[in-house]
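Residues per chain, in single letters:
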Amino acid sequence: MSSDAAPARKRGRPRATAADIEARRQKLIHAAYEVFLEKGYNATSIADITAQAGLGFGTFYKGFENKREILDPVIDYGVQQILGDILLDDVALTITATSLTDFENQLRTIARRIDAAFVARPRLAKFLVLEANTIDDALADRWYGLVELAASLVAGYLERGIESGVLRTGLDVTETSHAVVGIILMAIVRAARDPDAVGSSDKYTDAAISLITSGARAT
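If you're wondering where the values come from, they're calculated on a predicted model, not measured in any experiment.

Visitor: For this particular structure, what's the right way to read the confidence of the model for the protein chain?
Guide: A low pLDDT score tells you not to read the predicted coordinates there in detail. The predicted model of the protein chain has a mean per-residue pLDDT of 84, with 87% of residues at 70 or higher. Predicted confidence in the protein chain is weakest over helix H8 (residues 201-216), with a mean pLDDT of 81, and strongest over helix H2 (residues 46-53), with 97.

What follows is the structure in structure tokens.
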């Protein structure tokens, strides 16, 4: 007996879900992060990224148009790791210091976290401070934006110190906050250039805190 019904279609590969697409995208970002830090952005090819991810070459273009487009989420991923180590859920860092000793101890805690975060990731430190800001103007602008964000966070901390009477009235918060960020950046450059020089970290931190508080403390 014949039938006019259309023959059943063979089932192909199931269509990727939104979760599948996002998981693949994250896999490419993590792979690009590893390869960029190992080889540098300019020396990395898309084939290097897909090989690291264990995915086909064409898969890359389902999530990104080109190598430059994946760079921003790679930097986001690296910065999130650093901030996760620095901005721990620690109430002590949100309490306004009521004495110079409290203020110095808080600075020391933050400085040690910053140092530890970058010393643990020397390749990331090198990539962020020595390469990323030289790739193109847009990334340079983003880098300076991060510096300004850091300065604004420091400024808020200094303002709380002034309000509590720990730091002197009349302190130029804007310029001092940028000076403090400059000290932090130097510590990151040291971690990038010589990750084995961990022994001098405490000395650097003590010298920096002494320099900051000697000029900013209330008399």
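From this point on, the discussion continues.
Visitor: Would you explain the environment of Ala 53 in this entry?
Guide: With respect to the secondary-structure elements, Ala 53 resides in helix H2. Along the backbone, Ala 53 and Leu 28 are 25 residues apart, and their C-alpha atoms lie at a distance of 5.8 Å.

Visitor: Is there a simple way to explain helix H5 (residues 122-131) in this structure?
Guide: Think of an α-helix as 3.6 residues a turn; residues three or four steps apart then line up on the same face. Among the residues of H5, Leu 124, Ala 125, Phe 127, Leu 128 and Val 129 are the ones counted as buried. Projection of H5 onto a plane perpendicular to its axis shows the buried side chains occupying an angular sector of 170 degrees, all on one side. Where H5 is buried, its residues contact helix H1 (18-39), helix H3 (67-86), helix H4 (100-119), helix H6 (137-163) and helix H7 (173-193).

Visitor: Before we go on, may I ask you to explain the nonpolar core in this structure?
Guide: One recurring pattern in soluble globular proteins is that nonpolar side chains are buried together. In this structure, Phe 36, Ile 49, Ile 70, Leu 71, Phe 103, Phe 118 and Phe 127 are the most contacted members of the largest nonpolar core, which totals 52 residues. Sorting the residues of this core by element identifies H1, H2, H3, H4, H5, H6, H7 and H8 as the ones contributing at least two each. The leading source of residues in this core is H6, at eight residues. When neighbours within four sequence positions are excluded, Phe 103 is seen to be in contact with Ala 97, Tyr 157, Leu 158, Val 166, Leu 167 and Thr 213.

Visitor: Is there a simple way to explain a nonpolar patch on the surface in this structure?
Guide: Taken together, Leu 146, Leu 149 and Leu 153 make up a surface patch of nonpolar side chains, about 270 Å² in accessible area. For Leu 153, a relative accessible area of 57% gives the class exposed.

Visitor: Can you help me understand the packing of aromatic side chains in this one?
Guide: A ring pair, where both rings are aromatic, is described by two values, the distance of the centres and the angle of the planes. Considering all chains together, one arrives at seven aromatic pairs under this definition. A centroid spacing of 6.3 Å and a plane angle of 10 degrees characterise the contact between Phe 36 and Phe 127, whose relative ring orientation is stacked. Placement of Phe 36 in helix H1 and of Phe 127 in helix H5 is noted, with a sequence separation of 91 residues between them. Here Phe 36 falls in the buried class, since its relative accessible area comes to 1%. Residue Phe 127 is classed as buried on the basis of its relative accessible area, which comes to 4%.

Thresholds, definitions, all that
- Residues numbered from 1 in each chain as written.
- Predicted model: local features only at pLDDT ≥ 70, side-chain atom pairs only at ≥ 80, totals over all residues.
- Heavy atoms only, no water.
- pLDDT = per-residue confidence, 0-100.
- Helix = DSSP H or I, 4+ residues; strand = E, 2+ residues; numbered from the N terminus.
- Buried < 20%, exposed > 50% of the residue type's maximum accessible area, 1.4 Å probe, protein only.
- Arc of directions from axis to C-beta.
- Contact = heavy atoms within 4.5 Å.
- Core = buried A, V, L, I, M, F, W, Y, C linked by side-chain atoms within 4.5 Å.
- Patch = residues over 30% accessible without salt bridge, like charges linked within 9 Å, V, L, I, M, F, W, Y side chains within 5 Å.
- Areas by Shrake-Rupley, 256 points an atom, 1.4 Å probe, with all protein chains shown as cover.
- Salt bridge = Lys/Arg side-chain N within 4 Å of Asp/Glu carboxyl O.
- Phe/Tyr/Trp six-rings, centres within 6.5 Å; stacked < 30°, edge-to-face > 60°.

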